[in-house]
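# Structural overview
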Amino acid sequence: MTGFLKTIAIFIIIYYAFKFFSRYIAPIFLKKVINNVEKKYREQQQNQSEATSNGKVGETVIAKKPSSPNEGNKNVGEYVDFEEVKDDK
């Protein structure tokens, strides 16, 4: 009987601890996380706007030189032309 009461008491304690955490601690934690994400987003937007404001209006800027054209793999074998064969059966 004591084991049953002990189990019920543990469940009640866990329930109220979770309730306390979700009501008071979680909002503070989530607010800090959201503020950090918002700060990173603003920094990215600011860096992007600074990068685009360096050029003239209407000017196209290529960030990197394109690599050599793709030539493909030359050692794949030879091309075989297939013809459709009709069966007269």
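Here, every reference points to the structure presented above.
Since this is a predicted model, take the numbers as computed values, not measurements.

Take the overall build of the protein chain next. Scanning the protein chain from terminus to terminus reveals one helix and zero strands. Taking all 89 residues of the protein chain together, the buried fraction comes to 1%. By element, 58% of the accessible surface of the protein chain is carried by carbon and sulfur atoms, the whole surface being about 9900 Å².

Counted by the stated rule, this structure contains one salt bridge. In this structure, the salt-bridge partner of glutamate 38 is arginine 42, at a minimum N-O distance of 2.7 Å. Note that glutamate 38 and arginine 42 are positioned in helix α1 (residues 2-53) at a spacing of four residues, about one turn of the helix. For arginine 42, a relative accessible area of 55% gives the class exposed.

A few words on the packing of aromatic side chains. Evaluated as defined, the whole model comprises two aromatic pairs. Seen from their ring centres, tyrosine 15 and tyrosine 16 are 5.1 Å apart, and the 75° between their planes marks the pair as edge-to-face. Assessed through its relative accessible area of 46%, tyrosine 15 is described here as partly exposed. Between the aromatic rings of phenylalanine 20 and tyrosine 24, the centroid separation amounts to 5.2 Å while the plane-to-plane angle is 45°, which identifies the pairing as tilted. Placement of both phenylalanine 20 and tyrosine 24 in helix α1 is noted, with a separation of four residues, approximately one turn of the helix.

A separate point is a nonpolar patch on the surface. Together, Met1, Phe4, Leu5, Ile8, Phe11, Ile12, Tyr15 and Tyr16 make up an exposed nonpolar region whose accessible area comes to about 950 Å². Positionally, tyrosine 16 belongs in helix α1.

Basis of the calculations
Every chain is numbered independently, its residues counted from 1 as its sequence is written. A pLDDT threshold of at least 70 governs which residues receive local features in this predicted model, and a stricter bar of 80 or more applies before side-chain atom pairs are shown or counted, although totals over entire chains, interfaces and linings include all residues. In computing side-chain properties, one takes all heavy atoms of the structure into account and sets aside hydrogens as well as water. Where helices and strands are cited, they refer to DSSP runs of H or I of at least four residues and of E of at least two residues respectively, numbered from the N terminus. Burial classification: accessible surface area is computed with a 1.4 Å probe over protein chains only, and a residue below 20% of its type maximum counts as buried, one above 50% as exposed, and the rest as partly exposed. Note that accessible areas follow from Shrake-Rupley with a 1.4 Å probe, and for residues the cover is restricted to the protein chains shown. Any carboxyl oxygen of Asp or Glu that lies within 4 Å of a side-chain nitrogen of Lys or Arg is treated as forming a salt bridge with it. For this analysis, a ring pair means two rings from Phe, Tyr or Trp (six-membered ring only for Trp) whose centres lie within 6.5 Å, classed as stacked if their planes differ by under 30 degrees, edge-to-face if by over 60, and tilted for the remaining angles. Each patch is built from salt-bridge-free residues with over 30% relative accessible area, joining like charges within 9 Å and nonpolar side chains (Val, Leu, Ile, Met, Phe, Trp, Tyr) within 5 Å.

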